[in-house]
Amino acid sequence: MNHIRINHIAAIKKILLLVFLFTTSLIHAAKVDTILVHSTAMNKDIKVLVVVPQTKGPHPVTYLLHGYGGDEKTWLIIRPDLAQLSDQYQMMFVCPNCESSWYWDSPKVPTIRYETFTSKELVEYIDKKYDTRATKQGRAITGLSMGGHGSMWLALRHADIYGAAGTTSGGVDIRPFPHDGVMKDLLGQEAENQEIWNQYVAINQIERIKNGDLALIVDCGYDDFFFEVNNDFHKKLLKYSIDHDFIVRPGAHTSDYWNNAIDYQLLFFKKYFDKKNH
């Protein structure tokens, strides 16, 4: 009887401890804001979700890019614990709504300037308004699917802005998929604009950097329709002797995969930030 009572008391103590830890995490959770950032290049305001740790800065910043059809809330939907992750890794998260732009400055549509917005206007705004580590050693960028293309497109072209970059299930070479309506709108029909299509893929930006310019992590599931282009991306990085992490696991082009993959990328960025902070 005493044994049962002791077990009952121990169970109650465990429940009380869990309640305490949960309420404490709520009290000390990072701050999550949705703000409007003006783009002079596009003459409009862009919605941006910003997550700031509770602790005093300056904080490194990881820019999280959404996929096709997503918005500034995409990563918060995939990982509702984004605030806790911000506190855990002691880094800010910045999630812009870049529509279905592929993060390009479109050569065909003058009003689409999301490369300029994300790599210049947004970075300058965040560094001005928040207590950030405002150097490339304090910035990382990653994304899923279209955002995985965007993160590599931007980082490889702006290695003076970002120190680390990742991609998960990224469309790092869109040429095998020439019939997408939005890409045709932004770049023109592939058959008549092959030179533009060759210039506007992330995989063809690799030769812009040398080894050590960026800390890179590439991630894709075996069953993803982008698996082959990610494997080609990995091979081209090897060809140019660019050090990088290349992770492949079972999984497809799904939220479940991205929910898991971001943990590996944040750990990668955390180690990069810690190393560069000493």
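All figures in this text were calculated on a predicted structure; none of them were measured in a lab.

Chemist: Which parts of the structure should I look at to understand the overall build of the protein?
Modeler: Along the backbone of the protein there are 9 helices and 8 strands. Split into buried and exposed, the 278 residues of the protein put 53% on the buried side. By sequence separation, contacts in the protein at least 24 residues apart represent 73% of the contacts at least 6 residues apart. Roughly 13,200 Å² of accessible area belongs to the protein as shown, and the carbon and sulfur atoms make up 55% of that amount.

Chemist: So what exactly am I meant to see when it comes to the side chain of Asp105 here?
Modeler: Relative to the helices and strands, Asp105 is located in the loop between β4 (92-96) and α4 (114-129). Despite being buried, Asp105 has no salt bridge partner; Arg113 is the closest side chain of opposite charge, sitting 4.6 Å away. At 3.1 Å, the side chain of Asp105 and the backbone nitrogen of Glu115 are in polar contact. A distance of 2.6 Å separates a polar atom in the side chain of Asp105 from a polar atom in the side chain of Thr116. Here Asp105 is in contact with Ile112, Arg113, Tyr114, Glu115, Thr116 and Tyr200, once residues within four sequence places are set aside.

Chemist: Which parts of the structure should I look at to understand the pattern of salt bridges?
Modeler: In a structure, side chains of opposite charge can pair up when their charged atoms sit close to one another. All told, the structure shown has 14 salt bridges when counted by the stated rule. Linking Asp219 and Arg249 is a salt bridge whose minimum nitrogen-to-oxygen distance equals 3.1 Å. You can see Asp219 sitting in strand β7 (residues 215-221) and its partner Arg249 sitting in strand β8 (residues 245-249), a full 30 residues away along the chain. Neither residue differs from the other here; Asp219 and Arg249 are each classed as buried. Among the charged side chains, a network of salt bridges with common partners joins Asp71, Glu72 and Lys73.

Chemist: Can you walk me through helix α5 (residues 146-157) in this structure?
Modeler: Two residues of an α-helix separated by three or four positions point the same way, owing to the 3.6 residues in each turn. Taking 1.5 Å as the rise per residue, α5 with 12 residues should run 16 Å; its terminal C-alpha atoms sit 16 Å apart, in good agreement. Counting buried residues along α5, 11 of its 12 residues qualify, which places the element largely inside the surrounding structure. Within α5, burial applies to Met146, Gly147, Gly148, His149, Gly150, Ser151, Met152, Trp153, Leu154, Ala155 and Leu156.

Chemist: It is not clear to me how the confidence of the model for the protein should be interpreted in this structure. Could you clarify?
Modeler: Low-pLDDT stretches of the model should not have their predicted coordinates read in fine detail. On average, residues of the protein carry a pLDDT of 92, and 90% of them reach 70 or more. Contacts of residues 1-7 to residues separated by more than four positions or lying in other chains number 0 contacts, the stretch itself having pLDDT below 50. Long-range and interchain partners of residues 16-26, a stretch whose pLDDT sits below 50, account for 0 contacts in this model, where long-range means more than four residues apart.

Chemist: Hey, could you run me through the sheet that holds strand β6 (residues 164-168) in this one?
Modeler: Strand-to-strand pairing in sheets goes through backbone hydrogen bonds, with the strands running parallel or antiparallel. Reading across the sheet, the 8 strands line up as β1-β2-β4-β3-β5-β6-β7-β8 and stay open at both edges, with mixed pairing between neighbours. Only two strands of the sheet have a single neighbouring strand rather than two, namely β1 (31-39) and β8. Put simply, the sheet's adjacent strands are angled 20 degrees from each other on average, direction ignored. With 5 bridges joining them, strand β3 (residues 61-65) and strand β5 (residues 139-143) adopt parallel strand pairing. Looking at the pairing, Leu65 lines up with Gly143 of β5. Sitting on the sheet, helix α9 (residues 255-276) is in contact with β3, β4, β5, β6, β7 and β8, with an inclination near 165 degrees to β7.

Chemist: Can you help me understand helix α8 (residues 227-239) in this one?
Modeler: Over its 13 residues, α8 runs 18 Å from end to end, which matches the ideal 18 Å to within 8%, given 1.5 Å per residue. Among the residues of α8, Phe227, Val229, Asn230, Asn231, Phe233, His234, Lys236 and Leu237 are the ones counted as buried. As for α8, its buried residues are in contact with α5, β6, β7 and β8. Where α8 ends, the next residue or the one after it, Ser241, has phi of about 55 degrees, a positive value.

Chemist: Help me understand the packing of aromatic side chains in this model?
Modeler: The relative placement of two aromatic rings is captured by the distance of their centres and the angle of their planes. Using the criterion set out here, one finds 11 aromatic pairs in the structure. Taking 6.4 Å as the distance between ring centres and 70 degrees as the angle between the ring planes, the aromatic pair formed by Phe177 and Phe225 counts as edge-to-face. With Phe177 in the loop between β6 and α6 (181-187) and Phe225 in the loop between β7 and α8, this residue pair connects regions lying 48 residues apart in the sequence. Look at Tyr222 and Phe227: their rings are 6.3 Å apart centre to centre, the planes differ by 70 degrees, and that puts the pair in the edge-to-face class. In this structure Tyr222 comes out as partly exposed when scored by relative accessible area, which is 46%. Here the aromatic cluster, defined as three or more aromatic residues joined through ring pairs, consists of Trp102, Trp104, Trp153 and Tyr200. Lying over the aromatic face of Tyr264, Arg249 brings its terminal NZ or CZ to 4.5 Å of the ring centre.

How each quantity is defined
Residues numbered from 1 in each chain as written. Predicted model: local features only at pLDDT ≥ 70, side-chain atom pairs only at ≥ 80, totals over all residues. Heavy atoms only, no water. Helix = DSSP H or I, 4+ residues; strand = E, 2+ residues; numbered from the N terminus. Buried < 20%, exposed > 50% of the residue type's maximum accessible area, 1.4 Å probe, protein only. Contact = heavy atoms within 4.5 Å. Areas by Shrake-Rupley, 256 points an atom, 1.4 Å probe, with all protein chains shown as cover. Lys, Arg positive; Asp, Glu negative; His and termini not counted. Salt bridge = Lys/Arg side-chain N within 4 Å of Asp/Glu carboxyl O. Polar contact = N/O pair within 3.5 Å; in protein donor to acceptor, adjacent residues only side chain to side chain. Expected span 1.5 Å × (residues − 1). pLDDT = per-residue confidence, 0-100. Pairing = 2+ DSSP bridges. Axes fitted to C-alpha atoms, helices over the stretch in contact; angles between N-to-C directions. Phe/Tyr/Trp six-rings, centres within 6.5 Å; stacked < 30°, edge-to-face > 60°. Lys NZ or Arg CZ within 6 Å of the ring centre and 35° of its normal.

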